[in-house]
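Structural description and commentary
Here is how the chains run, residue by residue.
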Amino acid sequence: MKILLVAEYREGKLLGTSAELIEFTVRMDAQAVMFLVGNKQNLPQFDGRLYLADAAQAGEFNPAVHKQLLLEVIAREQPQLIAFPHSSYGWDLAPRVALALDATQFSEVVDVQEGHLIVPVCNAKLQRRMKAETEKTVVTLQAGAFTPTQSISATPEVIDLPVTGAGDIDFQGYEAAAAGGVDLSKAKVIVSAGRGIGKAENLEMVANLAKALKGEYAASRPVVDADWTDHSRQVGTTGQTVAPKLYIACGISGAIQHLAGMKKSDFVIAINTDKDAPIGEVADVLAVCDLKQLIPLLTEKINAQQA
Amino acid sequence: MNILVCIKQIPDMESRFKIDAAGTWYDQADLAWRMNEYDEFAVEQAVQLKEQLGDADLTVLSIGPDRTKEMIKKALAMGADRGVQVADDHSHLHDPHTIASLIATFARQHQFDLIFAGMQSQDRGSAQVGVLVAEMLGIPSLTTLVEFSYTDGTISAKRELEGGARALVSCTAPALVTCQLGLNTPRYPTLPNIMKAKKKELLTIPVGDLNPADPQQKTISMAFPEKRGSGLILEGDASELAERLMRILKEKTTVLV
Ligand SMILES: Cc1cc2nc3c(=O)[nH]c(=O)nc-3n(C[C@H](O)[C@H](O)[C@H](O)COP(=O)(O)OP(=O)(O)OC[C@H]3O[C@@H](n4cnc5c(N)ncnc54)[C@H](O)[C@@H]3O)c2cc1C
């Protein structure tokens with residue numbers, strides 16, 4: 001089998017996802033070629049043919065043009081499978097390519113089992129084993145699902161792709177994530193509030209537990225989106241990545257985008273009323289309980305002990 | 001201005017799921033159903049646009065069985081003018097391409113200037129349907145939006161990227177946009193608006209009328225993921241759990257010294 005891997009490039013830099021794409025081809029026991037809209041000065045570690053279009057000409061974000069370039073490479077290489085990272089770049093571009101190819105798409109592939117692709121359902125509470133009924137298949141790979149087992153050091157054989165045509169979207173540049181606020185990366189203890197806290201007032205309870213443990217409080221995305229706290233406290237793919245000695249997740253279901261930001265914590269305690277909550281996958285301890293009852297009791301005991 | 005919002009009904013994610021008899025999807029019985037979270041942001045953004053423009057007509061469309069109407073009524077109470085249920089008891093079995101083909105057929109019949117969709121659904125999570133619809137219609141699509149504005153036929157928006165950075169993008173209508181969490185603050189329908197919504201038009205179209213595309217993929221089986229974590233599950237009353245967590249903090253961590 002031959003797989004075309006679609007590497008990513010942003011703000012003048014190659015993104016690290018190409019190593020995971022390569023690991024996927026290892027797991028699929030397949031041959032790989034790679035595609036990148038990027039820059040010659042910044043090539044992925046890859047032993048094979050790399051089709052490279054210059055980002056200065058094609059635009060870093062220009063899906064219609066990237067699609068056309070990809071279709072040219074696909075016509076030349078005839079891969080059976082085209083693999084993207086499941087990222088803001090990949091989930092935007094992949095369906096465009098899939099439709100043009102009459103290919104089916106499997107999104108957020110998490111595993112390969114007996115040659116079949118596995119995708120998550122319902123916040124990863126369930127999963128499906130899939131079969132394509134089209135000649136070609138497009139996949140996007142969940143970040144972190146195909147962690148490379150060994151580092152690769154190789155220089156690709158670069159094939160330049162001329163850029164023609166314009167897109168239908170005008171891209172004006174980037175806006176950095178809001179700076180300032182707390183630096184969660186220094187905290188030894190993080191107590192994190194999820195939507196399960198129910199209302200803004202209950203954030204104080206979580207902050208008090210954090211204080212008792214001499215740590216910081218943090219939050220999942222809905223708590224930030226609702227403006228109950230500011231973005232600098234958000235943990236996850238679109239927030240901070242943390243690795244404290246202790247992470248206490250209060251009323252957080254454990255969506256993959258949240259887990260990505262905290263799964264390297266040394267010890268994880270989850271407090272959740274749902275015994276099946278996916279946070280259980282990374283928690284050392286899951287206390288099945290209403291956080292509104294448990295947190296004040298626990299805080300009191302810790303304060304008594306520390307006194 | 002003619003606006004379409006595509007919405008989906010999904011089960012409460014805190015449900016205890018069971019696998020259905022065919023072994024390829026979750027059992028639909030005994031679940032609480034709600035509007036896909038991402039779609040709430042889509043409806044809200046469309047209603048805000050209608051308020052901004054004054055002169056706009058807002059249709060919400062959903063594909064699904066009879067219970068879907070309940071959710072469509074919520075969108076009507078939020079401010080949509082008309083609901084369309086594409087009646088389909090097997091909508092959960094369709095792949096994203098088939099679902100997109102139905103929406104595209106409907107959209108072609110009505111010439112929408114702007115189509116809103118959630119960036120993904122909470123159950124399937126393919127993040128494909130919106131983009132596929134746009135590609136089928138040959139119009140531009142902007143995905144994963146956390147900011148949206150519309151002036152004189154131009155959509156200016158911010159797409160969310162990893163780490164919370166954003167890309168500034170724009171395109172001209174007709175176009176499709178997909179909405180990310182936090183794009184706005186979805187309103188709660190008020191009682192008077194719930195009453196008003198009861199009088200709004202709610203059409204039902206049989207799925208067969210919209211030329212569903214043939215399936216492109218098959219689910220071989222559905223399963224619960226193998227538990228990878230070796231985590232301890234503690235159950236009991238709150239004071240007992242607090243006691244046990246204290247012991248664990250002392251024994252397994254160094255944070256109490
Ligand atoms: C591209 C993208 C990027 C994202 N980036 C991030 C990110 O950076 N960070 C992030 O967090 N999310 C992110 N998300 C959102 C993510 O997918 C989830 O929607 C989000 O993490 C859910 O937050 P939650 O767990 O707090 O809420 P929910 O999923 O609603 O979970 C609430 C939990 O609280 C529990 N609960 C309810 N009541 C109680 C109670 N009284 N006591 C105890 N437990 C209770 C429930 O059982 C449930 O498990 C992103 C999503 C996308 C698509």
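Just so you know, these numbers come straight off a predicted model, no measurement behind them. (Residues numbered from 1 in each chain as written. Chains lettered and ligands numbered in written order. Predicted model: local features only at pLDDT ≥ 70, side-chain atom pairs only at ≥ 80, totals over all residues. Heavy atoms only, no water.)

Considerations on the state of the cysteines
Residues and elements named next belong to chain A. Worth spelling out the cut-off: Any two cysteine sulfur atoms within 2.5 Å of one another count as a disulfide. Throughout, exposure labels follow a simple rule: accessible area from a 1.4 Å probe, protein chains only, divided by the maximum for the residue type, with under 20% read as buried, over 50% as exposed, and the rest as partly exposed.
Tallied over the entire structure, the rule returns zero disulfides over all chains. Of the cysteine sulfurs around Cys289, a residue in no disulfide, the closest is that of Cys250, at 11 Å. The exposure class assigned to Cys289 is buried, which follows from its relative accessible area of 8%.

Considering the packing of aromatic side chains
The geometry of two aromatic rings is summed up by the distance between their centres and the angle between their planes. Heads up, the condition is: Two aromatic rings, drawn from Phe, Tyr or Trp (for Trp, its six-membered ring), form a pair once their centres lie within 6.5 Å of each other, and the interplanar angle then sorts them: stacked below 30 degrees, edge-to-face above 60, tilted otherwise. Secondary structure elements are taken from DSSP: a helix is a run of H or I of four residues or more, a strand is a run of E of two residues or more, and numbering for both begins at the N terminus. By definition here, charges over rings are those cases where NZ of Lys or CZ of Arg is within 6 Å of the ring centre and within 35 degrees of the ring normal.
Scanning all chains against the criterion turns up seven aromatic pairs over all chains. When the ring of Phe61(A) is compared with that of Phe171(A), the centres are 6.2 Å apart and the planes differ by 70 degrees; the resulting orientation is edge-to-face. Here Phe171(A) lies in strand β13 (residues 170–175) and Phe61(A) lies in the loop between α2 (55–58) and α3 (63–77), a separation of 110 residues in the sequence. Its guanidinium or amino end placed over the ring of Tyr217(A), Arg233(A) lies 3.8 Å from that ring's centre, counting from NZ or CZ. Sitting over the face of the ring of Trp33(B), Arg67(B) holds its NZ or CZ atom 3.4 Å from the ring centroid.

A few points about the side chain of Gln128(B)
Put simply, the rule reads: Throughout this description, a polar contact denotes any pair of N or O atoms lying within 3.5 Å of each other; where both atoms belong to protein, one of them has to be capable of donating a hydrogen while the other can accept it, and for residues adjacent in sequence the pair is counted only when both atoms sit in side chains. Residue contacts are defined here by distance: any two heavy atoms, one from each residue, within 4.5 Å place the two residues in contact.
Locating Gln128(B) in the fold gives a position in the loop between β6 (114–118) and α4 (129–137). Residue classification places Gln128(B) among the buried positions, given a relative accessible area of 4%. Within polar-contact distance, the side chain of Gln128(B) engages the side chain of Ser107(A) at 2.8 Å. In this structure Gln128(B) touches Pro95(A), Gln105(A), Phe106(A), Ser107(A) and Pro96(B), once residues within four positions along its chain are discounted.

Concerning the packing of α3(A) against helix α4 (residues 90–101) of chain A
All names here are of chain A. Quick note on the threshold: A fitted line through C-alpha atoms represents every axis, and for helices the fit uses only the stretch in contact; the resulting angles, taken between N-to-C directions, go from 0 to 180 degrees. Orientation labels follow simple angle bins: below 35 degrees gives roughly parallel, above 145 gives roughly antiparallel, 65 to 115 gives roughly perpendicular, and whatever is left gives oblique. Helix crossings get a hand from a simple test, with the near helix turned counterclockwise from the far one by less than a right angle marking a left-handed crossing and a clockwise turn marking a right-handed one. Each residue is assigned to one class: nonpolar for Ala, Val, Leu, Ile, Met, Phe, Trp, Tyr, Cys and Pro, charged for Asp, Glu, Lys and Arg, and polar for all the others, Gly among them.
Orientation of α3 relative to α4, taken along the N-to-C sense of each, is 50 degrees, at an axis distance of 10 Å. The orientation of α3 relative to α4 falls into the category oblique. Here the hand of the crossing between α3 and α4 comes out right-handed. Of the residues in α4, those touching α3 at Pro63, His66, Lys67, Leu70, Leu71 and Ile74 are Asp92, Leu93, Arg96, Val97, Ala100 and Leu101. Along the lines of polarity and charge, the residues of the contact of α3 with α4 split into eight nonpolar, one polar and three charged.

As far as function goes, none of this settles anything; it's purely spatial.
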